[in-house]
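Structural features, examined
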Amino acid sequence: MAVQQLTSSALSKDQAYALVDAVMELGELAATASAHENEDTGEWFFEAGCEETPDLQSFRDLAQQSLGIAVDFTVETIDPDINWVARSLEGLAPVIAGGFYVYGSHETAPVPGGFTPMKIDAAQAFGTGHHETTTGCLEAINIVLKRSRPRHMIDVGTGTGVLAIALAKRTNRTVIASDIDPVSVTTTIDNAAQNGVGKHIVALEATGVNHPAIKQNAPYDLIVANILAGPLMALAPSVGRIAQKGATIILSGILQHQARGVINAYARQGMVLSQKLQRKDWTTLILQMP
């Protein structure tokens, strides 16, 4: 089935992100929504992916209502037979963050010494290491592992499994990697095997932490979740239930202006902010369960 990609006229950064929030809160206009910058012009654009022909008037009305301005939109049909995620990420340079070296199979240069290597190719699942939320988590993992040795770990919303693999390679222990998307689960299993930690990764299809195996293996002393601010706040009570006393919680997928809301949601569950990492517009939080 072809996907329809809808793109707005030029906006400010704040307007583009505000429209993303409005569309995702409504939930019925698009399957995906994002904001991106044209680095040549400095202009920002809103994009949405729709599985059916988008209702342009509804998008115009929502933009007028949420932004107070008239916004034009164009629609383009995306070829469903092309993996556009993989194509767009082919040739990306390796990422170095937190002592990890993340690279794709297209990379021919030798892995430099002193780093923990992870081969993660572009796929239909999210997470090649290039996004600020992923690099922020890798840095946070490095910080946490310098001061503690967790034994029971879980990566919620694992995507390609990059964070779970990072934990398994550094600790040589079992890590549960869960995701709501079955494609992510399969991708994580493949990537774990490719990186030599297949025996340490337990990949599960689960909504949040709602899975018998997750409950049976609780409590956890390290919980990582790189998703989005809204789902993170909704997940706070569940994380509180599976976190052991003294646990560390790493959260990302949070824009700077959303950080306070996430911190407050977890504070209500008894978790306190230990450290905040900033990468461009994105925030990674390290929390502690006293």
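First, a word on scope: everything that follows refers to the structure included in this document.

Calculation criteria
Residues numbered from 1 in each chain as written. Predicted model: local features only at pLDDT ≥ 70, side-chain atom pairs only at ≥ 80, totals over all residues. Heavy atoms only, no water. Helix = DSSP H or I, 4+ residues; strand = E, 2+ residues; numbered from the N terminus. Rg over C-alpha atoms; globule rule 2.2 N^0.38 Å. Buried < 20%, exposed > 50% of the residue type's maximum accessible area, 1.4 Å probe, protein only. Areas by Shrake-Rupley, 256 points an atom, 1.4 Å probe, with all protein chains shown as cover. Lys, Arg positive; Asp, Glu negative; His and termini not counted. Charge placed at Lys NZ, Arg CZ, Asp CG, Glu CD. Salt bridge = Lys/Arg side-chain N within 4 Å of Asp/Glu carboxyl O. Phe/Tyr/Trp six-rings, centres within 6.5 Å; stacked < 30°, edge-to-face > 60°. Core = buried A, V, L, I, M, F, W, Y, C linked by side-chain atoms within 4.5 Å. Contact = heavy atoms within 4.5 Å. Pairing = 2+ DSSP bridges. Axes fitted to C-alpha atoms, helices over the stretch in contact; angles between N-to-C directions.

Secondary structure assignment for the protein yields nine helices and 14 strands. A globule of 290 residues ought to have a C-alpha radius of gyration of about 19 Å, and the protein, at 19 Å, matches this closely. Counting only C-alpha atoms, the protein reaches 55 × 50 × 35 Å along its principal axes. When each of the 290 residues of the protein is scored for burial, the buried share is 47%. Counting only carbon and sulfur atoms, one obtains 49% of the accessible surface of the protein, whose full area is about 14000 Å². Charge-centre separation for the protein: the mean point of 20 positive side chains lies 19 Å from the mean point of 29 negative side chains.

Okay, the pattern of salt bridges next. Across all of its chains, the model carries three salt bridges by this definition. As a salt-bridge pair, Glu-132 and Lys-280 come within 3.5 Å of each other at their nearest N and O atoms. You can see Glu-132 sitting in helix 4 (residues 132-147) and its partner Lys-280 sitting in the loop between strand 13 (272-279) and strand 14 (282-288), a full 148 residues away along the chain. Taking relative accessible area as the criterion, Glu-132 reaches 17% and is therefore assigned buried. On the accessibility criterion, Lys-280 (64% relative accessible area) is exposed. Close ionic contact of Glu-139 with Arg-279 constitutes a salt bridge, the shortest N to O distance being 2.6 Å.

As a further point, take the packing of aromatic side chains. The full count for this structure, using the stated rule, is six aromatic pairs. Ring centres of Tyr-17 and Trp-44 lie 5.5 Å apart, and the angle between their planes is 50 degrees; on these two criteria the pair is classed as tilted. Remark: Trp-44 occurs in strand 3 (residues 44-50) and Tyr-17 occurs in helix 1 (residues 13-26); sequence separation between them is 27 residues. Judged by its relative accessible area of 15%, Tyr-17 falls in the buried class. Judged by relative accessible area, which is 11%, Trp-44 ranks as buried. Taken together, a centroid distance of 6.3 Å and an interplanar angle of 80 degrees make the contact between Phe-46 and Phe-73 edge-to-face.

Counting 31 residues, the largest nonpolar core has Ile-214, Ile-223, Ile-249, Leu-251 and Tyr-266 as the members making the most contacts within it. The set of elements that each furnish at least two residues to this core consists of strand 8 (153-156), helix 7 (212-217), strand 11 (220-226), helix 8 (229-242), strand 12 (243-255), helix 9 (259-267) and strand 14. With six residues, helix 8 is the largest single contributor of residues to this core. If sequence neighbours within four positions are ignored, Tyr-266 has contacts with Leu-232, Leu-235, Ala-236, Val-239, Leu-251, Met-271 and Leu-287. One finds Val-102, Ala-140, Ala-177 and Ile-201 within the second-largest nonpolar core, a separate group that totals 30 residues.

Turning next to the sheet that holds strand 5 (residues 95-97). The mixed open sheet is built from three strands, whose spatial order is 5-6-7. In the strand order of this sheet, the two ends are held by strand 5 and strand 7 (116-119), each with one partner. Put simply, the sheet's adjacent strands are angled 20 degrees from each other on average, direction ignored. Relative to strand 7, strand 6 (residues 100-103) is paired through four bridges, and the arrangement is parallel.

In this model, Ala-218 is joined to Pro-219 through a cis peptide bond whose omega is 5 degrees. Structurally, Pro-219 can be placed in the loop between helix 7 and strand 11. Phi angles above zero are rare outside glycine, and Lys-280 is one such case at about 55 degrees.

Before going further, it helps to spend a moment on the environment of Asn-264. Secondary-structure assignment places Asn-264 in helix 9. Classification of Asn-264 by relative accessible area gives partly exposed; the value is 32%. In sequence terms Asn-264 and Ala-236 are 28 residues apart; their C-alpha atoms lie 9.8 Å from each other.

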